[in-house]
Amino acid sequence: MTTSCRSWWRNCALEADSEILAIDRMEDHIAPIDPNAVKIRELISSLELCHHKAEQWVGNIIKAIGAGETRKGLGTRSPGQQHPAENVWQNACAALSAWCAGCPNTKIDLAIDTVPASQLLACLGERSPLKEWQVQRMIEKIRNAIHWPQSCDDPTAQYMWILLSGGEYESAYRTECPEHYKEHEDFWLRTVRTIIHDTENGDEADLSLGLAIDMLMPCHWRFVENLRVVLEAIGGRLNPEKPFAACGRNISLVPIRHRMEIVSNTLKVFCGASKSSQQIDRDLSALLGKPTKVKKWLAASLEKTMRLQLNPPAELRAISALAGPDWIRH
């Protein structure tokens, strides 16, 4: 019999294993939990190691555990303060919008990160109504992410999933064209039935173009390369040089993996595990300070979350495979 996870674990597990149950018992033994500890635990629940700032997030959480409080989290940025990566995302939207408006690739003088937009847009090839429809979906996806969470309150700004029906954490797929896309149902069907052939953890894999657009997250560490994969697929190149990486898909490629393993080892030792030959970070140990029941619960929660994200359990690997339902191939 399986046990469903508490909401704390929503970003890394669907079912509770023995380690999660043990950490939950730690929580039960310190109830009621101080509001500061609740806020720190919520930061852990929002952690995504595929985010381009994940290493900084982890550092902030460890500082918060050591200090017993945090001012980090959703909505803590000063009014008018721009996200450092927003220029990249906005340039991507501007370049894609200019292309949709008919501007030649060579006339779009923008850079998306360090890559000339003209180079990426050249992947699209000859213009067509289908390609314009697909690129418009990409623009909507990126804009929705830029303006989140404000876009959640504005139906006109929300992105309509092409193939996913429950969001990026769920394995539910659409079985028919959503009403939002009915006017261009043929475009929708041709998009979801276009299959990208790449790799998943080194093994050959297939990926629906519709799902790739659904999972094109600007905040992902590999956004520009993912953008290239999608643009190439729209242009007809379905065997990319580099695989598409999204959330748990190809998480083994994340550049901070080794660093996160050192952090994980450090947290284990802080929680009472015997020191081994594995590398730990003494500076992080100093930040954590003296162990307490609350600190151990938070540290154990962070360590388990990181480990599950770096090595997703079977039920989450099935979601991250992102191949799509069988019907799209028939």
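Residues numbered from 1 in each chain as written. Predicted model: local features only at pLDDT ≥ 70, side-chain atom pairs only at ≥ 80, totals over all residues. Heavy atoms only, no water.

Enquirer: Help me understand the pattern of salt bridges, please; the structure alone is not making it clear to me.
Expert: Under the criterion given, the structure shown has 19 salt bridges. For Glu 19, the salt bridge is made with Lys 304, and the minimal N-O distance between the two is 2.5 Å. Taken together, the positions of Glu 19 in helix α1 (residues 18-29) and Lys 304 in helix α12 (residues 293-310) put the pair 285 residues apart, joining distant regions of the chain. Look at Glu 19 and you get partly exposed, because its relative accessible area is 35%. The exposure class of Lys 304 is buried, given its relative accessible area of 3%. Arg 237 is the salt-bridge partner of Glu 241, the closest N and O atoms lying 3.4 Å from each other. (Salt bridge = Lys/Arg side-chain N within 4 Å of Asp/Glu carboxyl O. Helix = DSSP H or I, 4+ residues; strand = E, 2+ residues; numbered from the N terminus. Buried < 20%, exposed > 50% of the residue type's maximum accessible area, 1.4 Å probe, protein only.)

Enquirer: What is the right way to read the confidence of the model for the protein from this model?
Expert: Where the model shows low pLDDT, its predicted coordinates should not be examined in detail. Taken as a whole, the protein shows an average pLDDT of 88; of its residues, 86% reach a score of 70 or greater. Mean pLDDT across the secondary structure elements of the protein bottoms out at helix α13 (residues 314-320), with 57, and peaks at helix α9 (residues 223-234), with 98. Counting contacts from residues 74-82, a segment whose pLDDT is below 50, to residues more than four positions away or on other chains yields eight contacts. (pLDDT = per-residue confidence, 0-100. Contact = heavy atoms within 4.5 Å.)

Enquirer: Got a minute to help me understand the packing of helix α6 (residues 129-146) against helix α7 (residues 185-192) in this structure?
Expert: To describe two helices that pack against each other, one gives the angle between their axes and the distance between the axes. Taken N-terminus to C-terminus, the directions of α6 and α7 make an angle of 75°; their axes are 10 Å apart at the nearest point. Judged on the interaxial angle alone, α7 and α6 are roughly perpendicular. The residues of α7 that touch α6, namely those facing Pro 129, Leu 130, Trp 133 and Gln 134, are Phe 187, Trp 188, Arg 190 and Thr 191. Of the residues belonging to the contact of α6 with α7, the class tally is five nonpolar, two polar and one charged. (Axes fitted to C-alpha atoms, helices over the stretch in contact; angles between N-to-C directions. Parallel < 35°, antiparallel > 145°, perpendicular 65-115°, else oblique. Nonpolar A, V, L, I, M, F, W, Y, C, P; charged D, E, K, R; others polar.)

Enquirer: Even after reading the chapter, I still don't get the environment of Glu 69, so can you show me in this structure?
Expert: Mapped onto the elements of the fold, Glu 69 is located in the loop between α3 (54-67) and α4 (86-100). As a C-alpha pair, Glu 69 and Ala 37 span 32 residues in sequence and 6.9 Å in three-dimensional space. When neighbours within four sequence positions are excluded, Glu 69 is seen to be in contact with Asn 36, Ile 40 and Ala 64.

Enquirer: Teacher, can you tell me more about the packing of aromatic side chains here?
Expert: Pairs of aromatic rings are described using the distance from one ring centre to the other and the angle between the two planes. Under the criterion given, the structure shown has four aromatic pairs. An aromatic cluster is present here, built from Trp 133, Tyr 181 and Phe 187 joined pairwise through their rings. Stacked on the ring of Trp 133, the Lys or Arg Arg 137 has its end atom at 4.8 Å from the ring centre. (Phe/Tyr/Trp six-rings, centres within 6.5 Å; stacked < 30°, edge-to-face > 60°. Lys NZ or Arg CZ within 6 Å of the ring centre and 35° of its normal.)

Enquirer: How do you make sense of the side chain of Ser 45 when you look at a structure like this?
Expert: Tracing the backbone through its elements, the reader meets Ser 45 in helix α2 (residues 35-45). In this structure Ser 45 comes out as buried when scored by relative accessible area, which is 3%. For Ser 45, the side chain forms a polar contact with the main-chain oxygen of Trp 8, separated by 2.7 Å. (Polar contact = N/O pair within 3.5 Å; in protein donor to acceptor, adjacent residues only side chain to side chain.)

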